[in-house]
Amino acid sequence: MSELSTNPTGAAGTADPTHLTDQVAIQITNMNKWYGAFHVLRDINLTVREGERIVIAGPSGSGKSTLIRCINRLEEHQSGQIVVDGIELTSDLKNIDKIRREVGMVFQHFNLFPHLTILENCTLAPIWVRKVPRREAEETAMHFLEKVKIPEQANKYPGQLSGGQQQRVAIARSLCMKPRIMLFDEPTSALDPEMIKEVLDTMIELAHDGMTMLCVTHEMGFARQVADRVIFMDQGQIVEQNEPEEFFNNPQSERTKLFLSQILGH
Amino acid sequence: MSGTHAETVRYVRDTMLPEQAPPLSAAGPIAWVRTNLFAGWFNTIMTLLSLAVIFFTLVELVPWLVQSSWTATSLNECRAQIVEMYGEGTTGACWAVIRERYLQLIYGFYPSELYWRPSLAFVLLIFAVAPILFERVPRALLYLTVIYPFLGAWLMWGGTVWLPIGAFMGFVFAYLTIRFVGTRAGAIVAAIAAVVVAIVWWLFLMGPVVQEFEQSIPLALEPVESRAFGGFMLSILIGVTAIAGSLPLGILLALGRQSDLFIVKSLCVGFIEFIRGVPLITLLFVASVLLNVFLPPGTNFDIILRVMIMVTLFAAAYMAEVVRGGLAALPKGQYEAADALGLDYWKAQRLIIMPQALKISIPGIVSTFIGVFKDTTLVSIIGLLDPLGLSNAIRSDTAWNGVVWELYGFIALMFFIFCFSMSRYSMYLERKLQTGHR
Ligand SMILES: Nc1ncnc2c1ncn2[C@@H]1O[C@H](COP(=O)(O)OP(=O)(O)OP(=O)(O)O)[C@@H](O)[C@H]1O
Ligand SMILES: [Mg+2]
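Please read these numbers as outputs of a predicted model, since none were measured by experiment.

A few words on the overall build of chain A. The secondary structure content of chain A amounts to 11 helices and 10 strands. For 266 residues, the compact-globule formula gives about 18 Å, and the C-alpha radius of gyration of chain A, at 18 Å, lands near that figure. Counting only C-alpha atoms, chain A reaches 50 × 45 × 40 Å along its principal axes. Classification of the 266 residues of chain A by burial places 58% in the buried group. A separation threshold of at least 6 residues defines the contact pool for chain A, and within that pool the share at least 24 residues apart is 68%. Carbon and sulfur atoms provide 48% of the accessible area of chain A, an area that totals close to 11,200 Å². One finds the centroid of the 27 positive side-chain charges in chain A at a distance of 5 Å from the centroid of its 35 negative side-chain charges.

This part takes up the sheet that holds strand β4 (residues 79-84) of chain A. Residues and elements named next belong to chain A. Read across the sheet, four strands follow the order β2-β1-β4-β5 without closing on themselves; strand pairing throughout is antiparallel. The outermost strands of the open sheet, each flanked by one partner alone, are β2 (38-49) and β5 (87-88). Note that strand β1 (residues 24-35) and β2 share eight bridges and pair antiparallel. Following the sheet pairing, W34 is matched in β2 by H39. Contacting β1, β2 and β4, helix α3 (residues 64-71) crosses the sheet at an angle of about 120° to β1.

The next thing to look at is the domain arrangement of chain B. Residue and element names in this part refer to chain B. By the assigned domains, chain B splits into domain 1 (29-66), domain 2 (67-107), domain 3 (159-221) and domain 4 (226-433). Computed from C-alpha coordinates alone, the two centres of domain 1 and domain 2 are separated by 32 Å. Counting residues at the interface gives four residues for domain 1, matched by seven residues for domain 2. Taken together, the two surfaces of domain 1 and domain 2 that pack against each other cover about 440 Å², and 49% of this comes from carbon and sulfur. The largest per-residue losses of area from domain 1 upon contact with domain 2 belong to W64, L65 and V66, which jointly make up 84% of the total buried on that side. Our count for the contact surface shared by domain 1 and domain 2 stands at zero salt bridges.

Residues and elements named next belong to chain A. Along strand β10 (residues 237-242), five of the six residues are buried, which leaves the element largely enclosed by surrounding structure. Alignment of strand β9 (residues 229-234) against β10, held across five bridges, turns out to be antiparallel. Bridged to I231 within β10 is Q241. Here β9 hands over to β10 after two residues, with Q235 in that stretch at a positive phi of 50°.

Tracing the chain through its elements places A:T117 in the loop between β6 (103-106) and α5 (118-128). Those residues in contact with A:T117, other than ones at most four positions away along the chain, are A:A154, A:N155, A:K156 and A:Y157.

Moving on, we get to the site of ligand 1. All names here are of chain A. Every residue close to ligand 1 is listed here: Y35, F38, V40, P59, S60, G61, S62, G63, K64, S65, T66 and E186. Between ligand 1 and S60 there is a distance of 2.6 Å, counted from an oxygen atom to a side-chain nitrogen or oxygen. Separating an oxygen atom of ligand 1 from a side-chain N or O atom of S65 is a distance of 2.5 Å. Here ligand 1, which alone exposes 630 Å², has 59% of that area covered by the protein. Going through the elements one at a time, β2 and α3 are the ones with two or more residues in the shell around ligand 1.

It is worth spelling out the packing of aromatic side chains at this point. Taken as a whole, this structure holds 24 aromatic pairs over all chains when the rule is applied. Each ring, one from B:Y107 and one from B:Y115, has its centre 3.9 Å from the other, and the planes form 15°; the classification is stacked. In this structure an aromatic cluster arises from ring pairing among B:F232, B:F373, B:F410, B:F415 and B:F418. We note A:K33 situated over the ring of A:Y35; from NZ or CZ to the ring centre the distance is 4.7 Å. Its guanidinium or amino end placed over the ring of A:F113, A:R173 lies 4.5 Å from that ring's centre, counting from NZ or CZ.

Another aspect to go through is the sheet that holds strand β8 (residues 212-216) of chain A. Residue and element names in this part refer to chain A. The sheet built from six strands is open, its strands ordered β6-β7-β8-β3-β9-β10 with mixed pairing. Lying at the two open borders of the sheet, with one neighbouring strand each, are β6 and β10. Direction aside, the axes of adjacent strands within the sheet are offset by 20° on average. The pairing of strand β3 (residues 53-57) with β9 spans four bridges and is parallel. What sits directly across from A57, in β9, is F232. Docked against the sheet, helix α8 (residues 193-208) engages β3, β7 (181-185) and β8, running at close to 150° with respect to β8.

The rules behind the values
Residues numbered from 1 in each chain as written. Chains lettered and ligands numbered in written order. Predicted model: local features only at pLDDT ≥ 70, side-chain atom pairs only at ≥ 80, totals over all residues. Heavy atoms only, no water. Helix = DSSP H or I, 4+ residues; strand = E, 2+ residues; numbered from the N terminus. Rg over C-alpha atoms; globule rule 2.2 N^0.38 Å. Buried < 20%, exposed > 50% of the residue type's maximum accessible area, 1.4 Å probe, protein only. Contact = heavy atoms within 4.5 Å. Areas by Shrake-Rupley, 256 points an atom, 1.4 Å probe, with all protein chains shown as cover. Lys, Arg positive; Asp, Glu negative; His and termini not counted. Charge placed at Lys NZ, Arg CZ, Asp CG, Glu CD. Pairing = 2+ DSSP bridges. Axes fitted to C-alpha atoms, helices over the stretch in contact; angles between N-to-C directions. Domains from an automatic or database assignment. Buried area = accessible area lost by both parts, 1.4 Å probe. Salt bridge = Lys/Arg side-chain N within 4 Å of Asp/Glu carboxyl O. Near = heavy atom within 4 Å. Polar contact = N/O pair within 3.5 Å; in protein donor to acceptor, adjacent residues only side chain to side chain. Phe/Tyr/Trp six-rings, centres within 6.5 Å; stacked < 30°, edge-to-face > 60°. Lys NZ or Arg CZ within 6 Å of the ring centre and 35° of its normal.

Written out as structure tokens, the structure reads:
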């Protein structure tokens, strides 16, 4: 286990190197986090290279959300190091702001701003954080709304859209900040089955564009199709990671086998 | 057709039914009356009872309202006129007292040749508030909104024009400090520097500078003593100040109460709980009596100004709790989304959190506004002549001794107009801000 986590890119690096660079996007070393006395994340080591697509899986409560929320400092880690895009996450607000500009996040429950139109949702951060002129921000927003295939909804409010459409807006909203890394926390698990596909398609397209992605998801089809690496977490630790084919066909750890039999079994 | 498929299990509809108008009993006025007034025997009895109550009230009230006197100069003359016009034994309203005293009820003892000043201030108030209340009003009026507090105060109290300008300059200097320091140091340093600059200006520099200007360019309105203020003018003055001041102050207190900084949080909680735990009347007594004890002798700290500050603080404490309710109703995901997009605390508050929290709190906010406006009548207890205080003064005039209903009715009507407008505006606002379900 420790061997895998200290040499995280080993297996995946050789498999499909075409879209991968040698640049490190995220480097996590010996990171620990506690909620009060509860040790949620234990000695996490993870290196993500630019352009890499990683799927994080694991049973409920294993700390998947906590891990990716640490990467943009929605949660604070207590020991170890997280370096994103060459900037270390400390309590220095300037660094946190810099990192948040480079890292987009998509939530399970979309978290769109219900008092703003779709277009305003997408232009708000570019205008106020990146200081992009409004005209330009709107053009960018329309570009990404077209990319997620809902430009015609631009002037509606989030409450008037379906769940799948809202999630695609949420993706477009993150993309408008031109992030170099995208984090997804179970983006499809609040959606009805027929809407899951439209969101996954959007994510697949994003992956083909070369975005560095970390996805917490139970969509194993998606993992097989786009992931360079699948990470399996349990009890706050990285238990196993491997390229998707190997991970699904030839899991090593007992926990992984049990987990896979549960989610793929029926 | 329905007979043919009744026996078989398989059924395919071959003609679609067209849409039909509902039967008259399900729509239209008859249906409305039936469902709203006469649905079931209990509902019917209640309807009839209510109609009876309304009917008998009107039978008593309308003649009293209509069979009235508008021209008399004393209560006795009123009664005589009514008996003369409508016959022995009739009682009616004596509106003459309102006709004679309405200017006093509006302006108090403000010098009558200067009535134009508060009137102009009131008209300007409408223009200053309009761009805040209605989106379609030209934005340029916001400049008036910014200078209005100083312009209005100058019109009301008179005196040299340099005093309000000096006070305004304090804010200008504070703003410039923020612009200047903010780009070089952090936001907190800039805020502290701005406060220091403003206070130094107001306390030490403003006095001599204002005097200098006054001597070289004397430009003044005839000063009016605070003692002369009264009537609805006073209610509106105190009410509007408290309303305008309590919302921003309440928002800051609510945010402070949620702060991670222990000292800020404790201060805000302490302030809110203290003010809410003390009756407004006590605060007003503090303003009118106790402050004199604490202030250095010889300081002339205007009584109306003191009352305005107290009422504002009082309203702000309640406002803070109303706003906190709105903040608590927001899902945590909104904060997280704002954080994840890189918005800093103040931008997130201004652009994401407050617009939603305030929208949720509109009913509570407007209730607090209405409450504050009505509470301004309490100032009569410390001797200020608000409409209620004036009504006592009017009734102690021998000519009008014994007039009760007409005066209180008129005052109630005026308050009702103001409060009801606020209430309607809040409903308009809620409807306007409706953005889909959720
Ligand atoms: N704010 C918090 N305070 C205390 N404990 C928390 C907090 N947030 C999460 N936890 C706990 O930390 C553990 C990991 O939570 P996390 O949300 O990261 O799990 P997860 O792997 O994302 O699970 P799921 O698949 O259900 O989303 C859980 O046991 C959870 O109860
Ligand atoms: Mg989770």
